[in-house]
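What follows is each chain in one-letter form.
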Amino acid sequence: MGINTSEISSLIKEEIRNFENEIEANSDIGSVVTIGDGIALIYGLEKGMLGELVIFNDDDYGMIMNLEQDSVSAALLKNTNNIKEGDRVRRTGRVVEVPVGDALLGRVVDALGRPIDGKGPINSDESSKIEQIALGLMSRESVNAPLETGILTIDSMIPIGKGQRELIIGDRQTGKTTIAIDTIINQKGKNVYCIYCAIGQKNVNVASIYEKLNKTDAMTYTVIVNSSASEIAPLQYLAPYSAVTMAEKWCKDGKDVLIVFDDLSKHAIAYRSLSLLLRRNPGREAYPGDIFYLHSRLLERCVKLNKEHGGGSITGLPIVETLAGDITSYIPTNVISITDGQIFLNTNLFNAGQRPAIDIGLSVSRVGSNAQFKAVKKVSSSLKMEIANYKELVNFTQFGSDIDENTKKIINHGNLAMEVLKQDQNSPLSFIEETIYLFTLKNLFLEDIEITKVKRFLTELMTYLKSFDTPLLNKIQQNKDLSKEDAKLLKDKIRQFKEERVLNGQ
């Protein structure tokens, strides 16, 4: 019997067509080749997208992080031992989303927006993708409204504006988180929503922060996003993006939002671990080449919108930890270059009892006095220079030279200034308290007061003014300014207070 070549040819073509159709039909399904350390190498999923959610065995989820020619690599979003080689993996066609809206207020959630506070589900009808392109230039305006931190040193010399990105940097145990928490506490009654994003922190520390915020009623306008040190690297990587996505919802609705990233050093370490497990090429200090983009695309989403786009804002307070005060290391220099200024905390100042231990010389706000109330601006305009002169003279006098009277006055005034700037944690000051304290210092009313009695004097002065001259304080509070007439009246009141103290033998 002869061989029909045309028939064989048609059969081969038919088989090829069926083979291609079968591949097409199964392009949404793959299988696990290797699994380990929270990373799964998956064969197949030809149509998989970067950042897409995939599901293992109808139960566990992962996120595609690498796209290769014949396979994809996915990071697990749950610490599980249920996945093994050969398991089927399906595409979902969705990227990672988190719930957004007012239902989150007062809650503690994980990096995927799931509640972890034992208060039941979050009843939010809205969700948003965690990876978003930052809003464009035409939707923004310059930072022009102050965000009151309640911390005298910051509000007077390193002002933060709504929509600004101000880095808090320093060694461990120098009070970085305390500054951020005090700022959140001070937003009470100011119509500012707050998000505290804990990355790689101990659960006990986050619980302590929750208790502080709850005790001061700050949780009524705050969300805590927690991806603790015990969680896998992918969740620590996602946490800040989830937090800023929650903030963007309120911002686009015209609200002001404050978000704290605590801290981006641990975030970078988590991303480094994730990248090495994904076998990406390491660079300096084993960080991947896109480590700068990691934080720039995050912090660029902090914004001050113009009125045409709602006028909302997201103020970012990223925290970075240094080692032995070295701000020139890789991650600190990266984040410094992205942000609009930094608040540097000095270990030596902290150990010397200066709290908050802010190094005025190394701290800066690139927005500056544009984000400062006029009253505070007037009474603190020369303060930074006075402290700089004081520190220079103190260093000079250590050589044992004779000191003239003028130098003694400058040093005494500097000592008084440093004492006024001391502040207990979780005790933010109001705008009027900051104005009165700085006004009293600037006009030399404290020069004859003993250093140890300065705080008591200022506290009693505020009580006196609130009792006998509330209209003047209300006027300053309302106008956020200090006119020449107001300043003259205030001087008279302070002199009167000091005279009464003398008469009373104080």
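Residues numbered from 1 in each chain as written. Predicted model: local features only at pLDDT ≥ 70, side-chain atom pairs only at ≥ 80, totals over all residues. Heavy atoms only, no water.

Visitor: Which residues make up the overall build of the protein chain, and what values go with them?
Guide: Across its full length, the protein chain carries 16 helices and 16 strands. Of the contacts made within the protein chain by residues no fewer than 6 positions apart, 73% connect residues no fewer than 24 positions apart. For the protein chain, the computed accessible surface area is about 24,300 Å², with 51% contributed by carbon and sulfur atoms. Here the protein chain contributes 59 positively and 66 negatively charged side chains, and the mean placements of these two sets differ by 6 Å. (Helix = DSSP H or I, 4+ residues; strand = E, 2+ residues; numbered from the N terminus. Contact = heavy atoms within 4.5 Å. Areas by Shrake-Rupley, 256 points an atom, 1.4 Å probe, with all protein chains shown as cover. Lys, Arg positive; Asp, Glu negative; His and termini not counted. Charge placed at Lys NZ, Arg CZ, Asp CG, Glu CD.)

Visitor: If you had to explain helix α15 (residues 470-479) to someone new, which residues and values would you point to?
Guide: In an α-helix there are 3.6 residues to a turn, and that puts residues three or four apart on one side. Of the residues making up α15, those classed as buried are Leu472, Leu473 and Ile476. Angular distribution of buried residues about the axis of α15 spans 95°; they occupy a single face of the element. Among the exposed residues of α15, those oriented more than 90 degrees off its buried face are Pro471 and Gln478. Looking one or two residues past α15, lysine 480 carries a phi angle of roughly 55°, positive in sign. (Buried < 20%, exposed > 50% of the residue type's maximum accessible area, 1.4 Å probe, protein only. Arc of directions from axis to C-beta.)

Visitor: Account for the packing of helix α5 (residues 233-252) against helix α6 (residues 264-277), naming residues and giving values.
Guide: The relative placement of two packed helices comes down to the angle between their axes together with the axis-to-axis distance. The interhelical angle for the contact between α5 and α6, taken along N-to-C directions, is 135°, at an axis separation of 8 Å. Classified by the interaxial angle, the pair formed by α5 and α6 is oblique. Between α5 and α6 the crossing geometry is left-handed. Here α5 contributes Ala233, Pro234, Gln236, Tyr237, Pro240 and Tyr241 to the contact with α6, which in turn contributes Lys266, His267, Ala270, Tyr271, Ser273 and Leu274. Counted by class, the contact of α5 with α6 contains eight nonpolar, three polar and one charged residues. (Axes fitted to C-alpha atoms, helices over the stretch in contact; angles between N-to-C directions. Parallel < 35°, antiparallel > 145°, perpendicular 65-115°, else oblique. Left-handed = near helix turned anticlockwise from the far one by under 90°. Nonpolar A, V, L, I, M, F, W, Y, C, P; charged D, E, K, R; others polar.)

Visitor: Outline the sheet that holds strand β15 (residues 341-345), listing residues and values.
Guide: Sheet strands associate in pairs through backbone hydrogen bonding, adopting either a parallel or an antiparallel arrangement. What the eight strands build is an open sheet, ordered β8-β12-β11-β13-β14-β10-β15-β16; its pairing is mixed. The two strands at the open ends of the sheet, each matched to only one other strand, are β8 (108-109) and β16 (364-365). Together, β10 (167-170), β11 (192-199), β12 (222-227), β13 (256-262), β14 (313-321) and β15 form the strand contacts of helix α3 (residues 176-185), whose direction differs from that of β14 by roughly 160°. (Pairing = 2+ DSSP bridges.)

Visitor: Pulling in residues and values, what's your account of the pattern of salt bridges?
Guide: Counted under the stated rule, the structure contains 28 salt bridges. Glutamate 131 serves as the salt-bridge partner of arginine 297, at 3.0 Å between the closest nitrogen and oxygen. Residue arginine 297 is found in helix α7 (residues 291-299), and its partner glutamate 131 is found in the loop between β9 (126-129) and α2 (152-157); the two are separated by 166 residues along the sequence. Assessed through its relative accessible area of 38%, glutamate 131 is described here as partly exposed. Through salt bridges that share partners, Arg140, Arg165, Glu300 and Asp340 make up one connected network. (Salt bridge = Lys/Arg side-chain N within 4 Å of Asp/Glu carboxyl O.)

Visitor: Break down the environment of threonine 328 for me, citing the residues and quoting the values.
Guide: Residue position: threonine 328 is located in the loop between β14 and α8 (330-338). With relative accessibility at 55%, the residue threonine 328 sits in the exposed group. Placed 170 residues apart in sequence, threonine 328 and isoleucine 158 show a C-alpha to C-alpha distance of 21 Å. Every residue in contact with threonine 328, bar those within four places of it in the chain, is listed here: Arg284 and Thr333. A polar contact of 2.5 Å, which involves the side chain of threonine 328, links it to the side chain of aspartate 326. (Polar contact = N/O pair within 3.5 Å; in protein donor to acceptor, adjacent residues only side chain to side chain.)

Visitor: So, the packing of aromatic side chains: which residues are in play, and what are the values?
Guide: The geometry of an aromatic ring pair is captured by the separation of the ring centres together with the interplanar angle, meaning the angle of the planes. This model, assessed by the stated rule, comprises seven aromatic pairs. Ring geometry for tyrosine 237 against tyrosine 271: centres 5.3 Å apart, planes inclined by 25°, an arrangement best described as stacked. Residue tyrosine 237 is located in helix α5, and its partner tyrosine 271 is located in helix α6; the two are separated by 34 residues in the primary sequence. Site record: aromatic cluster; members linked through ring pairs are Tyr237, Tyr241 and Tyr271. Across from the ring centre of phenylalanine 373, 4.9 Å away, lies the NZ or CZ of lysine 480, which sits over that ring. Across from the ring centre of phenylalanine 431, 4.4 Å away, lies the NZ or CZ of lysine 480, which sits over that ring. (Phe/Tyr/Trp six-rings, centres within 6.5 Å; stacked < 30°, edge-to-face > 60°. Lys NZ or Arg CZ within 6 Å of the ring centre and 35° of its normal.)

Visitor: I'd like a description of the sheet that holds strand β6 (residues 88-95), backed by residues and values.
Guide: Judged by pairing direction, the barrel is antiparallel, and its six strands sit side by side in the order β1-β2-β5-β4-β3-β6 before closing back on the first. Direction aside, the axes of adjacent strands within the sheet are offset by 45° on average. Looking at chain direction, strand β1 (residues 29-36) and strand β2 (residues 39-44) are connected through six bridges and run antiparallel. Residue pairing in the sheet places serine 31 in a bridge with tyrosine 43 of β2.

Visitor: Lay out unusual backbone geometry with the relevant residues and their values.
Guide: Aspartate 262 connects to aspartate 263 through a cis peptide bond whose omega is -5°. Take aspartate 263: it is sitting in the loop between β13 and α6. Its identity as a non-glycine residue notwithstanding, glutamine 173 has a phi of 60°, on the positive side. With respect to the helices, strands and loops of the structure, glutamine 173 is situated in the loop between β10 and α3. Its identity as a non-glycine residue notwithstanding, asparagine 191 has a phi of 60°, on the positive side.

Visitor: Outline the pairing of β10, supporting the account with residue identities and numerical values.
Guide: Residues Leu167 and Ile169 point to one face of β10 and Ile168 and Gly170 to the other, with burial holding for every one of them. Both β10 and β15 contribute to a ladder of four bridges, which runs parallel. Residue pairing for β15: isoleucine 169 is matched across the bridge by phenylalanine 344. One ladder, built from three bridges, connects β10 with β14; its direction is parallel.

Visitor: Tell me about the side chain of lysine 162, residues and numbers included.
Guide: With respect to the element layout, lysine 162 can be found in the loop between α2 and β10. Once residues lying within four places of it in the same chain are set aside, the contact partners of lysine 162 are Val143, Ala145, Pro146, Leu147, Val192, Asp256, Lys304, Ser313 and Thr315.

Visitor: Before we move on, could you go through the side chain of serine 242 and cite the residues and values that matter?
Guide: Locating serine 242 in the fold gives a position in helix α5. Residue class for serine 242 comes out buried when judged on its relative accessible area of 0%. With residues up to four places along the chain from it excluded, the contact list for serine 242 reads Val98, Ala111 and Ile130.

This is a description of form; function is not addressed.
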